[in-house]
Amino acid sequence: MKQKIIIGNWKNYLSHKESISLANSLLGLDTSDKTRVMVSPNHLYLNEVNQILSTTDIEVISQNLTSAESKSDTGGITAVNLKNISINRSLVAHSETRIREKTPQSILLEIIPMGFPFVLCFEEIDQIPFDILNDNLEIILAYEPVWAIGTGETASIDHINEIHSGVKSKLSKLGLNIPVLYGGSVNPSNCKEILDSDNVDGVLVGGASTKYDQFQEIVNSI
Ligand code: PEP
C-alpha cells in the first residue's frame with residue numbers, strides 16, 4: 001500500500017497555550033510507515049511547535065507564504081524565512097487565503113525556481129497550473145471544495161473519485177507523479193472510506209486536526 005499523507009491545518013482555531021498543548025500531545029502520536037503526517041499551526045507558533053516536534057516524524061508546515069525571497073513585504077511570510085526556522089513546506093492558495101493574496105500562479109512562479117515544496121489547494125481542475133508543475137519538488141495537490149470546508153458537509157466518495165481521477169489522468173499524461181489529497185470536513189467517521197480510495201493519496205484536515213483524539217483516529221484509520 002502506498003503511503004498516505006495526512007495534513008492537519010490548525011488554521012487560527014487554537015490559542016498559543018492550546019497549540020503548545022496539542023503539539024505536546026502529538027509527541028505521543030503513534031504513526032506507522034503507512035502514513036506521512038504533517039501539521040500546520042498558526043504562523044506565530046510555527047517555530048515553537050516545530051521545535052517541540054523536532055524529535056518526531058511529524059513535519060510542521062506553514063499555512064501560507066507571500067513571497068519567496070526577503071523583500072519589502074510587511075506582514076508577509078517569505079519562503080526564505082521559513083527555511084531559516086527549518087520549515088520546509090507551505091500550504092499555498094488555501095481558499096481562506098486565496099481571497100486576500102496574490103494569485104497562486106504568481107507565488108508559484110516565485111517559489112518553484114527556488115525549490116520550495118508546497119501543498120497547492122484547488123477547487124477546480126483548471127486552477128492547477130499544470131504547465132509549471134514538476135516532479136523535482138515533491139509537490140502535493142489538495143482538492144478542497146469550498147462548500148465542504150468547515151461546514152461538516154463532506155464530498156461524496158464518487159465525487160472525490162471523479163475529480164481525483166481527472167487530475168491524476170492529466171498528471172499522468174504529463175508524466176508527473178504528484179499526490180492528490182482531499183480536504184473538506186474530514187473526520188474520524190468519514191476518513192476511512194476516503195483514505196481507502198486508490199484515487200486519494202491522503203487528506204487535508206482542518207477542524208478535526210485540532211482535537212488530538214480525532215486526529216489520532218484519522219491517522220490510525222489506515
Ligand atoms: C481546511 O481548512 O483545509 C479544511 C479542510 O477544513 P475542515 O476539515 O475543517 O473542513
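Preceding this section is the structure that the text describes.
Definitions and limits used
- Residues numbered from 1 in each chain as written.
- Predicted model: local features only at pLDDT ≥ 70, side-chain atom pairs only at ≥ 80, totals over all residues.
- Heavy atoms only, no water.
- Pairing = 2+ DSSP bridges.
- Helix = DSSP H or I, 4+ residues; strand = E, 2+ residues; numbered from the N terminus.
- Contact = heavy atoms within 4.5 Å.
- Axes fitted to C-alpha atoms, helices over the stretch in contact; angles between N-to-C directions.
- Buried < 20%, exposed > 50% of the residue type's maximum accessible area, 1.4 Å probe, protein only.
- Polar contact = N/O pair within 3.5 Å; in protein donor to acceptor, adjacent residues only side chain to side chain.
- Arc of directions from axis to C-beta.
- Near = heavy atom within 4 Å.
- Areas by Shrake-Rupley, 256 points an atom, 1.4 Å probe, with all protein chains shown as cover.
- Nonpolar A, V, L, I, M, F, W, Y, C, P; charged D, E, K, R; others polar.

S.K.: Would you mind going over the sheet that holds strand 4 (residues 90-92) in detail, with residue names and values included?
M.R.: Either a parallel or an antiparallel arrangement is found when strands of a sheet pair, and the pairing is made through backbone hydrogen bonds. In spatial order, the strands read 3-2-1-8-7-6-5-4; together these 8 strands make up an open sheet with parallel pairing. Here the strands that pair on one side only, and so sit at the sheet edges, are strand 3 (59-60) and strand 4. Sheet analysis places strand 6 (residues 140-143) next to strand 7 (residues 180-183), joined by 3 bridges and oriented parallel. Looking at strand 7, one finds that Ala-142 is bridged to Leu-181. Where helix 6 (residues 157-173) meets the sheet, its contacts fall on strand 5 (118-122), strand 6 and strand 7, and the angle it forms with strand 7 comes to roughly 155 degrees.

S.K.: Tell me about the environment of Glu-144, and name the residues and values.
M.R.: With respect to the secondary-structure elements, Glu-144 resides in the loop between strand 6 and helix 6. Residue class for Glu-144 comes out buried when judged on its relative accessible area of 5%. For Glu-144, the residues in contact, after removing those within four places along its chain, are His-94, Cys-121, Phe-122, Glu-123, Ile-149, Gly-183, Gly-184 and Leu-204. Engagement of the side chain of Glu-144 in a polar contact is seen with the side chain of His-94, the distance being 3.3 Å.

S.K.: Go over helix 5 (residues 104-114), please, and point to the residues and values.
M.R.: Each full turn of the α-helix corresponds to 3.6 residues, which orients residues three or four apart in the same direction. For helix 5, the set of buried residues is Ile-107, Leu-108, Ile-111 and Ile-112. Here the buried residues of helix 5 occupy an arc of 125 degrees about the axis, which is enough to place them on one side. In this structure, the buried residues of helix 5 make contact with helix 3 (79-84), strand 4 and strand 5. Gly-115, located one to two residues past helix 5, shows a positive phi value of around 75 degrees.

S.K.: Can you lay out the pairing of strand 5 for me, pointing to particular residues and giving the numbers?
M.R.: A large share of strand 5 lies buried, amounting to 5 of its 5 residues. Neither face of strand 5 is exposed, since Phe-118, Leu-120 and Phe-122 on one face and Val-119 and Cys-121 on the opposite face are all buried. The pairing of strand 4 with strand 5 spans 3 bridges and is parallel. Bridge pairing in strand 5 places Leu-91 opposite Val-119.

S.K.: Which residues make up the site of the ligand, and what values go with them?
M.R.: Surrounding the ligand, one finds 15 residues, the nearest of these being Lys-11, Glu-144, Gly-150, Ser-185 and Gly-206. A distance of 2.6 Å is found between an oxygen atom of the ligand and a side-chain nitrogen or oxygen belonging to Lys-11. One of the backbone N or O atoms of Gly-150 is found 2.6 Å from an oxygen atom in the ligand. Within the complex, the protein chains bury 97% of what would otherwise be the 290 Å² of accessible surface of the ligand. Residue composition of the shell around the ligand, by class: 5 nonpolar, 8 polar and 2 charged.

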